[in-house]
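Examination of the molecular architecture
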Amino acid sequence: LSPRNAQALALHGFTLAAQNRIAAAQAKFDEALAADSALGNAWLGRGLTKIRQGRAEEGRIDLQVAATLEPNRALLRSYLGKAFANAKDLEHAERELELARRLDPNDPTAWLYSALLAQQRNQINRGVRDLERSQALNENRRVFRSRLLLDQDAAVRGANLAALYRDAGMVDFARREASRAVDSDYANYSAHLFLAESYDALRDPNQVNLRYEAPWLSELLVANLLAPVGAGTLSQSISQQEYSRLFERDRFGLSASTEYRSLGQWDHLSSQFGTFGNTSYALDAEYHQSNGQQPNGDRDQLTLTAKFKQQLTPKDSLLVQAIYYDAEAGDLAQYYNHDGALPGLASPSLTFRLREKQQPNVFAGWHRAWSPGSHTLFLAGRLHDDFRLADPNGTTLTYSRNAAGTITSVVPRGFGVNFDSELEAFTGELQHIQQAGKHTFIAGARAQAGELDNTAALVLRPGSFPGPDVFPTLNQSTSHDLNRYSVYLYDH
């Protein structure tokens, strides 16, 4: 109706940017500036689209023009401060954020970015104080933002506060805050991503205690499904942005870190990733090698992960992920008598060996965003695990019975063991998330089917029983079909 309405043109540009149509969005911001060259929102939007395209310095100049034209708008100062922080110009970033806090002390944005800046400077206590202040002010934006968007803001603040708690060594607080962030906005990918990282920190590197494996992988898959292309890398990291794409940009990246410890332990992690338009990918390699701190306590683990995500339409995206795992280890269980110095107590086996391969586990997922607060997720996968265990000098508990059938003794005796287990399974799950006011409804159905084949051989060690050996080698084979069907409905 008003083709020269600069505010309407700028708003159209922001809606296009939210759909990842960056070139079209920039064209709309240019039209808005042609209609009104003094409109701060148009300069802001064009600057953010330039940053998204990798032209960070040009984008920062546009943000400076926006702040110059409307110098008393705290929000523009906050975004300019964040842009300076991304450029490592911390002095100007601090000055702009301080000015934003003075112009509008009740706006949570400046406090959020100030907290993230403090985190970069390793000023953890100050970061916690600023981010808690930002959380307390979150409801002040209810004039401008819906209940759903306020919950999204709260989730982002909670996820970043969890990261600060983690940096301060408060791991339990970090996990609690990450869980609260997921409760605030279940559809917020960054909250799920940090919760996955919180579980990742609790995983047993020796893979003996598997308690946190399922929640870690589950949260990571949900985060990767919900995350829009361009919202950050597909490697495990958490976005520090208030909105998913504001300061992200198309880029090619490489990251690697290697640690060596004097006990003979190597830890290596590398990632090659990229985002280009509507396509994002990540290739990760993780290697751990350790001699252990007890006899036969060595381990050698390699994990290779490939992830690919494609935005098909503004509302639909596709995720494909493959995981290869190869591990070999000795006896990694924890023993009080870890060096065998205490007679009569269990100690590590010197001949126990295990080997596990997953080659590979493959997942394919689809995400449909019907409208704000309404999401459908679908995930299908193939799982393959080959587990082998051998201990020629193993020990097995045996018992004796009297003529009445009563057990009279339980004695550990020497049986060597060879055990092989192979699992092949398929899984499919459909889930819908509906956010309505203060309620979040999650409904879904899951089907899993597979086959498990086991073989085991027990061989009596000579001398384990008095007299001649009367126990022949015992071979067992079993095959099982696994089927599981589930439906669920949650109301938070």
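Everything numeric here is computed off the predicted structure, so don't read it as measured data.

**What about the side chain of H288?**
Secondary-structure assignment places H288 in strand β3 (residues 279-290). Among the polar contacts made by the side chain of H288, one reaches the side chain of D267 at a distance of 2.5 Å. Residues within four places of H288 in sequence aside, it is in contact with W266, D267, R299, D300 and Q301.

**Here's the deal with the environment of A403**
With respect to the element layout, A403 can be found in the loop between β8 (395-401) and β9 (407-436). A403 gets classed as exposed once you look at its relative accessible area, which sits at 92%. When the C-alpha atoms of A403 and E57 are compared, they prove to be 89 Å apart, with 346 residues separating the residues in sequence.

**Describing helix α3 (residues 40-52)**
Spanning 13 residues, α3 covers 18 Å between terminal C-alpha atoms, matching the ideal 18 Å at 1.5 Å per step. With 13 of 13 residues buried, α3 is to be regarded as a mostly interior element. The positive-phi residue at the C-terminal boundary of α3 is G54, with phi of around 90°.

**Some words on the nonpolar core**
L44, L63, Y113, V128, L131, L164 and F194 are the most contacted members of the largest nonpolar core, which has 64 residues in total. It is helix α11 (residues 189-200) that contributes the most residues to this core, 7 residues altogether.

**Examining the packing of aromatic side chains**
Here the structure, examined in full by the defined rule, presents 5 aromatic pairs. Between F14 and F29 the ring centres are 5.0 Å apart and the planes differ by 75°, which places this aromatic pair in the edge-to-face class. You can see F14 sitting in helix α1 (residues 6-18) and its partner F29 sitting in helix α2 (residues 22-35), a full 15 residues away along the chain. Between the aromatic rings of Y260 and W266, the centroid separation amounts to 4.7 Å while the plane-to-plane angle is 45°, which identifies the pairing as tilted. Using a relative accessible area of 40% as the deciding quantity, one classes W266 as partly exposed. Taking the ring centre of W111 as reference, the NZ or CZ of R101 above it sits at 5.3 Å.

**Thoughts on empty space enclosed by the protein**
Here the structure, examined in full by the defined rule, presents 1 cavity of 30 Å³ or more. If you add up the space inside the largest cavity, you get close to 30 Å³. In this structure, the largest cavity is lined by V182, D183, Y186, T440 and H492. Classifying every residue of the lining of the largest cavity gives 2 nonpolar, 2 polar and 1 charged.

**Considerations on the packing of α11 against helix α12 (residues 213-226)**
Think of two packed helices as two axes; the pair is described by the angle between the axes and how far apart they sit. Taken N-terminus to C-terminus, the directions of α11 and α12 make an angle of 155°; their axes are 8 Å apart at the nearest point. With respect to each other, α11 and α12 are oriented roughly antiparallel. The way α11 lies across α12 gives a crossing that is left-handed. From α11, Y189, H192, L193, L195, A196, Y199 and D200 reach across to α12, where they touch P215, W216, E219, L220, V222, A223 and L226. Of the residues contributing to the contact of α11 with α12, the split by class is 11 nonpolar, 1 polar and 2 charged.

Definitions and limits used
- All residue numbers refer to position in the chain's written sequence, counted from 1.
- Residue-level local features of this predicted model are given only where pLDDT is at least 70; pairs of side-chain atoms are given and counted only at 80 or more, and the full residue set underlies all totals for whole chains, interfaces and linings.
- Excluding hydrogens and water, the side-chain figures rest on all heavy atoms present in the structure.
- Only DSSP runs of H or I reaching four residues or more are called helices, and only runs of E reaching two or more are called strands; each is numbered from the N terminus.
- What qualifies as a polar contact is a pair of N or O atoms within 3.5 Å, subject to a donor-acceptor requirement within protein and to the restriction that residues adjacent in sequence count only when both atoms come from side chains.
- Any two residues whose heavy atoms approach within 4.5 Å at even a single point are treated as in contact.
- Each residue gets one of three labels from its accessible area relative to the maximum for its type: buried under 20%, exposed over 50%, partly exposed in between, using a 1.4 Å probe on protein chains only.
- Multiply 1.5 Å by the residue count of a helix minus one, and that product is the helix's expected span.
- Here the nonpolar core consists of buried residues drawn from Ala, Val, Leu, Ile, Met, Phe, Trp, Tyr and Cys, with membership extended through side-chain atoms lying within 4.5 Å.
- Any Phe, Tyr or Trp ring, taking Trp's six-membered ring, that has another such ring centre within 6.5 Å forms a pair; planes under 30 degrees apart are called stacked, those over 60 apart edge-to-face, and the others tilted.
- Charge-over-ring placement is defined geometrically: NZ (Lys) or CZ (Arg) within 6 Å of the ring centre, and within 35 degrees of the ring normal.
- Detection works on a 1 Å grid of protein atoms alone, calling trapped sets that fit a 1.4 Å probe cavities and calling open sets with protein on both sides within 12 Å along at least five of seven lines pockets, with lining residues defined by an atom within 4 Å of a point.
- Grid points are joined across faces, edges and corners, and a volume is the space filled by probe spheres set on the points.
- Here the nonpolar group is Ala, Val, Leu, Ile, Met, Phe, Trp, Tyr, Cys and Pro; Asp, Glu, Lys and Arg are the charged ones; every other residue, Gly included, is treated as polar.
- Angles here are taken between N-to-C directions and fall from 0 to 180 degrees, while the axes themselves are lines fitted to C-alpha atoms, restricted in helices to the stretch in contact.
- Each angle is binned into one of four classes, with values under 35 degrees roughly parallel, values over 145 roughly antiparallel, values of 65 to 115 roughly perpendicular, and all other values oblique.
- Handedness of a crossing follows from how the near helix is turned relative to the far one, being left-handed for an anticlockwise turn of less than a right angle and right-handed for a clockwise one.

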